[in-house]
Amino acid sequence: MAKNEIDLSMHQYYEARATEYDDWYDRRGRYNHPATNAAWHAQVAELGREAARFGGMLARAPQMRVLDLACGTGKWTPYFVHGLQETGRLVAYDYSPAMLSETRARLEEDDPANLEKTLFVRGDAYQLPFPDSSFDLVFFGFWFSHVPTDRIYPFLSEVKRIMRPGGNLLIFDSALQSGRPKEEIAKRPLNDGSVHDVLKIRYSPQELEAILGRIFPKSSAGQTRDFFVIGQAGV
């Protein structure tokens, strides 16, 4: 499948999926697997603790900036907004207007004051519309596995460009698991019956750390017991 075709398919998929995306996090509907739900929820909670730790870095200085790249429904965004001091700001960035609406609603429900600290921006993850050295912290969750292999290093170089010296990056994504393909064009169904082609590439912690290490001077990666890989990098 050509690059523009898979991009279009994924854009359409996530725009249509916005209101049902959190079913995956919550193990509702087609994502409900009773045999593994307890482990899943425990490991999602582990990601929450890591997000809280990352957001805690924002207390270092009053004017820190954070980018939630491909923010989706804003599952992790509150962890970063809560760490902001009065003059700190967060940019919630996504290609999908519907996803940005979900993030806005989540932040407003959590605390309407969150909106005063947040700028919502629609845009392409591969062409970030921000000046060099704009952000102290950058986060993306469950996005990196959708980046084609030939775009990985240009994408990460773009992320590095907009990070300030001393800045930090945090990544959550799906771990490479036995019995699951390393790379696939998955057929993803939605509740309306539509089916969409979605690129998915899974990484081990060792692979992710090595990839990050080619762009960033500091990199590390780990994994929850079963489901998720966590990558970190710094400039």
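Residues numbered from 1 in each chain as written. Predicted model: local features only at pLDDT ≥ 70, side-chain atom pairs only at ≥ 80, totals over all residues. Heavy atoms only, no water.

We describe a pair of aromatic rings using the distance from one ring centre to the other and the angle between the two ring planes. A full pass over the atoms with the stated rule returns 27 aromatic pairs. Ring centres 5.2 Å apart and planes at 85° place the aromatic pair Trp76 and Phe172 in the edge-to-face group. Within this pair, whereas Trp76 is found in the loop between strand E1 (65–69) and helix H4 (77–81), its partner Phe172 is found in strand E5 (residues 163–174), the two being separated by 96 residues in sequence. With respect to burial, Trp76 and Phe172 carry one shared label: buried. Just above the ring of Trp76 sits the side chain of Lys75; from NZ or CZ to the centre is 5.7 Å. (Phe/Tyr/Trp six-rings, centres within 6.5 Å; stacked < 30°, edge-to-face > 60°. Helix = DSSP H or I, 4+ residues; strand = E, 2+ residues; numbered from the N terminus. Buried < 20%, exposed > 50% of the residue type's maximum accessible area, 1.4 Å probe, protein only. Lys NZ or Arg CZ within 6 Å of the ring centre and 35° of its normal.)

So, about unusual backbone geometry. At Ala70, a residue that is not glycine, the phi angle is positive and equals roughly 55°. Turning to its location among the elements, Ala70 is positioned in the loop between E1 and H4. One non-glycine residue with positive phi stands out, namely Ser133, at about 55°. Tracing the backbone through its elements, the reader meets Ser133 in the loop between strand E3 (118–122) and strand E4 (135–141). Classification of Ser133 as partly exposed rests on a relative accessible area of 34%.

What is shown is where atoms sit, not what they do.
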